[in-house]
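Coordinates in review
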Amino acid sequence: MDHPLAQTHHLPLALDGLQADRRLRSMLADVRSYGYRPTPTRLTGQQLLIAQLTALGLANKEIAYLVDISETTVKAHISAALRSLNLKRRTQLCRYIFEGGLLGEA
């Protein structure tokens, strides 16, 4: 997995600092710039966005902060995406995103 954004999940993210805020917003802009590609099962745009951010290694709390939704809503989107794709684990969803080329090329 050579995607440059995938490497960022190894770095600690503190949500209380301006630096983290800039970095998270930058990552969100990068993911959104890839566009929403249709998938065979047709994930909704929000489900795909959440799945992409999950594949980058962000925690539910970080995704909620970035997208400005509640952590419960993030969990609901991930659960719905897992059901739509007939997957059981978050790691399977990440693999689906990477192997399906749904992060695009940077």
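Now for a description of the structure that goes with this document. (Residues numbered from 1 in each chain as written. Predicted model: local features only at pLDDT ≥ 70, side-chain atom pairs only at ≥ 80, totals over all residues. Heavy atoms only, no water.)

Further remarks concern the overall build of the protein. Across its full length, the protein carries five helices and zero strands. For the protein, the α and β elements follow one another from N to C terminus as α-α-α-α-α. Residues classed as buried in the protein amount to 42% of the 106 residues present. Per element, the accessible surface of the protein, about 6200 Å² overall, is 52% carbon and sulfur. (Helix = DSSP H or I, 4+ residues; strand = E, 2+ residues; numbered from the N terminus. Buried < 20%, exposed > 50% of the residue type's maximum accessible area, 1.4 Å probe, protein only. Areas by Shrake-Rupley, 256 points an atom, 1.4 Å probe, with all protein chains shown as cover.)

Counting buried residues in helix H2 (residues 45–55) gives nine out of eleven residues, a clear majority hidden from the surface. Buried residues of H2: Gln47, Leu48, Leu49, Ile50, Ala51, Gln52, Leu53, Thr54 and Ala55, and no others. Taken from the residues just after H2, Gly57 is the one with a positive phi, measuring 95°.

Within the structure shown, the criterion is met by one salt bridge. For the salt bridge of Glu99 with Arg95, the shortest nitrogen-to-oxygen distance reads 2.7 Å. Taken together, the residues span about one helical turn, with Glu99 and Arg95 both in helix H5 (residues 90–99) at a distance of four residues. A relative accessible area of 55% means that Glu99 is categorised as exposed. (Salt bridge = Lys/Arg side-chain N within 4 Å of Asp/Glu carboxyl O.)

Here we take up the packing of helix H3 (residues 60–67) against helix H4 (residues 71–85). Where H3 contacts H4, the axes come no closer than 8 Å and their chain directions differ by 105°. In terms of axis orientation, H3 runs roughly perpendicular to H4. For the pair formed by H3 and H4, the contact residues are Asn60, Lys61, Ile63 and Ala64 on the first element and Glu71, Val74, Lys75 and Ile78 on the second. Residue composition of the contact of H3 with H4, grouped by class: four nonpolar, one polar and three charged. (Axes fitted to C-alpha atoms, helices over the stretch in contact; angles between N-to-C directions. Parallel < 35°, antiparallel > 145°, perpendicular 65-115°, else oblique. Contact = heavy atoms within 4.5 Å. Nonpolar A, V, L, I, M, F, W, Y, C, P; charged D, E, K, R; others polar.)

None of this, on its own, says anything about what the molecule does.
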